[in-house]
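Structural description and commentary
The primary structure of each chain is shown beneath.
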Amino acid sequence: MPIDLLIRGGQLVTPTGVREADLAIDGGRIVGFDSADARDEIDATGLHVFPGLIDPHVHFNEPGRTEWEGFATGSAALTAGGGTVFFDMPLNSTPVLDVDAFDAKAALAAEKSVADFGLWGGLTPNNLDNMPALIERGVVGFKAFMCDTGIDDFAYADLDTLRKGMEIAAEHDALVAVHAERQETAVALRERADAAPQRDWETYLKSRPPLLEVVAVQEALALAKDTGCRLHIVHVSVPYAIELVQQARADGVDVTCETCPHYLAFTEDDLVERGASLKCAPPLRNADAAAQLWEDLGGDRFAFVASDHSPCPPAMKDADDPFKVWGGIAGVQSTRSVLLSGEPALKLDAIANLTAANVADRFRIENKGQIADGFDADLALVDLSEPYELTAGMLLDRHRANPYVDRTFAGLTRRTILRGVTMYLDGNIIADPCGKLLTPWRLS
């Protein structure tokens, strides 16, 4: 019997290197690496075939603030960048603090998403008792903020709350992720900024220095060690935080961390020059920090790279006061291109691991993230033959406010395939939504 699909002549980017081979797909899964009779064929000559990117840190904001993004546009932009899976954060949308909110979000994502998805739950002072039920429902982990979130309906977790949440997570073998900035210090520095004669971007940067991140990372690591909780630290921007994570791992703490493309591609000087489009928290750091983070990527010190796509309506980026501008960068379509375009160049298999295999492994998602027998045929066919300039017209997210616009990149995604079905082709989504909820496997 013929198989469903054969991809001919591509350069396959596997966890251990690049190989030229045909790729046989049947029933939505990879079934071999040899030529075979197929009902459909794709000629991938001249293209690199990457595993579909898995973005574990996005804010698609539905339900509740769908006008900020939404599953339809957010997943389309992810897919245009070669992504096939996202994990949606529990805030900015109606917060995922109980199973009813989880179910509502899961139903909307299944209806509208052109990518598979997982959902984070929240860890706040208001929902500790709901955590076991959310684990049973299948959250990929729990997100806690160690500082004010900027969203009234998602409270930050003080150290007592974080400890209690970690104890519950450890009991159920669940993952906790933290936004690591220390609340008390942030409040004191904000009060100092409010009294400053100028409220410019330099003043904002001084109000969120590396110290806030480093101290919070130390506190989170200490709690993880004491509770035995599996810990993940999101959007690391300070190289010294990586040293702390490495030391904790050597001491037996089950901890990983991520960074984001904007901490690699931009610096605080860019923020001062360009302003609102590059505001995020933690903020961009200096050029030395960006260079060190890039070196740490090549040295396998990060588990993965995530976009932290956090869009908002344009009016929320239009304020004279930097402190009143929404702090979030929209870049879900650009992650792999940033990694393919930096210097010194990363190995292609390292990029595949940083954007797919390592994510699936850490979050215990079966049959995702690799080009391997039996795995889902989630693939991105990428053209590395010549650079391209990203234009606003190429973007598929709702507001098309991407700070990478007008930059030149390597690695244009030509086609994205989800479970054997082409979802995106040369600039357009060409298939109906078919995203499925993914949940972690659990220890018995």
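Residues numbered from 1 in each chain as written. Predicted model: local features only at pLDDT ≥ 70, side-chain atom pairs only at ≥ 80, totals over all residues. Heavy atoms only, no water.

This part is about the sheet that holds strand β6 (residues 53-58). Read across the open sheet, the 3 strands follow the order β6-β7-β8; overall the sheet is parallel. Because the sheet does not close on itself, it has two edges, and the strands there are β6 and β8 (116-119). Ignoring strand direction, the axes of neighbouring strands in this sheet form an average angle of 20°. With 4 bridges connecting them, β6 and strand β7 (residues 83-88) associate as parallel partners. (Pairing = 2+ DSSP bridges. Helix = DSSP H or I, 4+ residues; strand = E, 2+ residues; numbered from the N terminus. Axes fitted to C-alpha atoms, helices over the stretch in contact; angles between N-to-C directions.)

Let's shift gears to helix α11 (residues 287-298). Between its first and last C-alpha, α11 extends 17 Å over 12 residues, near the 16 Å set by a 1.5 Å rise per residue. Those residues of α11 that sit buried are Ala 289, Ala 290, Leu 293, Trp 294, Asp 296 and Leu 297. Buried residues along α11 cover an arc of 160° about the axis, so they all sit on one side. Among the exposed residues of α11, those pointing more than 90 degrees away from its buried face are Asp 288, Glu 295 and Gly 298. (Expected span 1.5 Å × (residues − 1). Buried < 20%, exposed > 50% of the residue type's maximum accessible area, 1.4 Å probe, protein only. Arc of directions from axis to C-beta.)

With that out of the way, let us pick up the packing of aromatic side chains. On inspection of all chains with the given rule, the structure shows 13 aromatic pairs. Aromatic pair Phe 71 and Phe 86: ring centres 6.1 Å apart, planes at 25°, arrangement stacked. One end of the pair, Phe 71, is in helix α1 (residues 71-80); the other, Phe 86, is in strand β7, with 15 residues separating them in the sequence. Classification of Phe 71 as buried rests on a relative accessible area of 0%. Note that Arg 65 overlies the ring of Trp 68, its terminal NZ or CZ placed 5.6 Å from the centroid. (Phe/Tyr/Trp six-rings, centres within 6.5 Å; stacked < 30°, edge-to-face > 60°. Lys NZ or Arg CZ within 6 Å of the ring centre and 35° of its normal.)

What follows concerns the packing of helix α4 (residues 159-171) against helix α7 (residues 210-227). Close contact between α4 and α7 brings their axes to 9 Å; oriented N to C, the two are set at 40°. Taken together, α4 and α7 sit at an angle that is classed as oblique. In terms of crossing hand, the pair formed by α4 and α7 is right-handed. Of the residues in α7, those in contact with Leu 159, Leu 162, Arg 163, Met 166, Glu 167 and Ala 170 of α4 are Glu 219, Ala 220, Leu 223, Ala 224, Asp 226 and Thr 227. Counted by class, the contact of α4 with α7 contains 7 nonpolar, 1 polar and 4 charged residues. (Parallel < 35°, antiparallel > 145°, perpendicular 65-115°, else oblique. Left-handed = near helix turned anticlockwise from the far one by under 90°. Contact = heavy atoms within 4.5 Å. Nonpolar A, V, L, I, M, F, W, Y, C, P; charged D, E, K, R; others polar.)

Moving on, we come to helix α13 (residues 348-362). Taking 1.5 Å of rise per residue, 15 residues should cover 21 Å, and α13 covers 20 Å from first to last C-alpha, within 8% of that figure. Burial analysis of α13 places 11 of its 15 residues in the buried class, the great majority of the element. Among the residues making up α13, those that are buried are Asp 349, Ile 351, Ala 352, Asn 353, Leu 354, Thr 355, Ala 356, Ala 357, Val 359, Ala 360 and Arg 362. Just past α13, the residue Arg 364 takes up positive phi, approximately 60°.

So, about the side chain of Arg 419. Here Arg 419 shows up in the loop between β18 (412-418) and β19 (421-425). Not counting chain neighbours up to four residues away, the residues in contact with Arg 419 comprise Gly 28, Asp 116, Lys 368, Asp 376, Ala 377, Asp 378, Cys 434, Gly 435 and Lys 436.

Unoccupied space between atoms shows up once a probe the size of one water molecule is rolled over them. Put simply, the largest pocket is a space of about 700 Å³. Elements with a contribution of two residues or more to the lining of the largest pocket: β10 (142-145), α5 (183-194) and α6 (201-207). Taken together, the residues of the lining of the largest pocket sort by class into 12 nonpolar, 13 polar and 7 charged. (1 Å grid on protein atoms, 1.4 Å probe; cavity = no way out; pocket = protein on both sides within 12 Å on 5 of 7 lines; lining within 4 Å. Points joined across faces, edges and corners; volume = space filled by probe spheres on them.)

Further remarks concern the nonpolar core. Across soluble globular proteins, nonpolar side chains show a tendency to be buried alongside one another. If you look at the biggest cluster of nonpolar residues, it comprises 96 residues, and the most contacted ones within it are Val 178 and Ile 233. Leave out the neighbours within four places in its chain, and Val 178 touches Ala 144, Met 146, Leu 162, Ala 220, Leu 231, His 232, Ile 233 and Val 234. Ile 54, Phe 145, Cys 312 and Trp 326 belong to the second-largest nonpolar core, a separate cluster that totals 25 residues. (Core = buried A, V, L, I, M, F, W, Y, C linked by side-chain atoms within 4.5 Å.)

Tallied over the entire structure, the rule returns 0 disulfides. Here Cys 280 stays unpaired: no disulfide links it, and the sulfur of Cys 260, its closest cysteine neighbor, is 7.8 Å away. (Disulfide = S-S within 2.5 Å.)

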